[in-house]
Amino acid sequence: MFVCALLFIFSGFPVAFSLGGTALLFAGLGVLTGVMDWGLMYAFPERVFGIMSNTTLLAVPFFIYMGIMLERSRLAEDLLRTMAACFGPLRGGLALSVVVVGAMLAAATGVVGASVVAMGLISLPLMLRYRYSPALSAGVITASGTLGQIIPPSVVLVVLADQMGISVGDLFVGALVPGLLLAGGCVVGALTGAFVGPVAAPAVPTLVVRSNGTALY
């Protein structure tokens, strides 16, 4: 079922239709093989209503909405430009900026997909423009994007708290220090890669930003 869902998604179908179509396909296979009965489908509306009325899971669409607003309003791009102006002249400074901005986006959205896509669209062309190694660039973006799983607030922690029946706030408090340690580990890894392989992460010229948002290098 998981492989079938991935095939539908990678073939270009929208994610919602891919997941729903996969569920219906395997429900039909379950009926044909005698594993389930069509009568169980009557429980589907009640299941959906139960999830919609769950006050804990209501945080998930709001987190996703906040991530979309950060991307569409270009606040994440402005944040990356500011961090690049601070750390860019250092060797590996642009990679450090990506990790810091990725951690901030993770704390703001809590959605891994939104963070990785936003950072990939914003920072990858900039890193490749200044002759950063493609492998190092992709690794830094991917690593910093996954910080959204543990740095509060996190959609994963919200769903986990709902399934385990524990407090979301307790999970957020418990994940704060490990999330910061993981972000610090990404910073150390990026700087270590820059100093071990200076060609892979060179220093960039000083970044000067005009008032209209365009950049001079």
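From a predicted model like this one, the values you see are computed outputs, not experimental measurements.

**Brief notes about a nonpolar patch on the surface**
Okay, step 1: On the surface, a nonpolar cluster with roughly 410 Å² of combined accessible area is contributed by Leu176, Val177, Leu180 and Leu181.
Okay, step 2: Structurally, Val177 can be placed in helix H10 (residues 168–196).

**Notes on the side chain of Ser137**
Okay, step 1: Its location among the elements puts Ser137 in helix H8 (residues 134–145).
Okay, step 2: Within the structure, the side chain of Ser137 is placed 2.8 Å from the backbone oxygen of Ser133, a separation counted as a polar contact.

**Points about helix H9 (residues 155–164)**
Okay, step 1: Within the sequence span of H9, burial applies to Val155, Leu157, Val158 and Ala161. Looking straight down H9, one finds its buried side chains confined to an arc of 165°; they lie on one side. Turned more than 90 degrees away from the buried face of H9, the exposed residues are Gln163 and Met164.
Okay, step 2: Just downstream of H9, Gly165 is the residue with a positive phi angle, here 70°.

**Section: the confidence of the model for the chain**
Okay, step 1: Counting all residues, the mean pLDDT for the chain is 79, and 89% of those residues have values of 70 or more.
Okay, step 2: Here strand S1 (residues 208–209) stands out as the least confident element of the chain, with mean pLDDT 44; helix H1 (residues 2–10) is the most confident, with 89.
Okay, step 3: Across residues 208–217, confidence stays below pLDDT 50; counting only partners more than four residues off in sequence or on other chains, it has 17 contacts.

**Remarks on the side chain of Thr22**
Okay, step 1: With respect to the element layout, Thr22 can be found in helix H2 (residues 15–33).
Okay, step 2: Of the residues examined, Thr22 reaches a relative accessible area of 1% and is grouped as buried.
Okay, step 3: When near neighbours in sequence (up to four residues on either side) are disregarded, Thr22 contacts Met1, Cys4, Ala5 and Phe8.

**Some thoughts on the nonpolar core**
Okay, step 1: With 29 residues, the main nonpolar core has Leu94, Val98, Met119, Met127, Tyr132, Val140 and Leu147 as its most contacted residues.
Okay, step 2: Looking at this core, the elements with two or more residues in it are helix H5 (75–87), helix H6 (93–109), helix H7 (112–129), H8 and H10.
Okay, step 3: Among the elements that take part in this core, H6 stands out by supplying 8 residues, more than any other.
Okay, step 4: Not counting chain neighbours up to four residues away, the residues in contact with Met127 comprise Leu94, Ala95, Val98, Tyr132, Ser137 and Ile141.

**Side note on the environment of Leu6**
Okay, step 1: Here Leu6 lies in helix H1.
Okay, step 2: In this structure the C-alpha to C-alpha distance between Leu6 and Ser18, which are 12 residues apart in sequence, comes to 8.2 Å.

**So, unusual backbone geometry**
Okay, step 1: A positive phi is found at Arg131, a non-glycine position, where the angle reads about 60°.
Okay, step 2: Of note, Arg131 is situated in the loop between H7 and H8.
Okay, step 3: Of the residues examined, Arg131 reaches a relative accessible area of 69% and is grouped as exposed.

Calculation notes
- Residues numbered from 1 in each chain as written.
- Predicted model: local features only at pLDDT ≥ 70, side-chain atom pairs only at ≥ 80, totals over all residues.
- Heavy atoms only, no water.
- Patch = residues over 30% accessible without salt bridge, like charges linked within 9 Å, V, L, I, M, F, W, Y side chains within 5 Å.
- Areas by Shrake-Rupley, 256 points an atom, 1.4 Å probe, with all protein chains shown as cover.
- Salt bridge = Lys/Arg side-chain N within 4 Å of Asp/Glu carboxyl O.
- Helix = DSSP H or I, 4+ residues; strand = E, 2+ residues; numbered from the N terminus.
- Polar contact = N/O pair within 3.5 Å; in protein donor to acceptor, adjacent residues only side chain to side chain.
- Buried < 20%, exposed > 50% of the residue type's maximum accessible area, 1.4 Å probe, protein only.
- Arc of directions from axis to C-beta.
- pLDDT = per-residue confidence, 0-100.
- Contact = heavy atoms within 4.5 Å.
- Core = buried A, V, L, I, M, F, W, Y, C linked by side-chain atoms within 4.5 Å.

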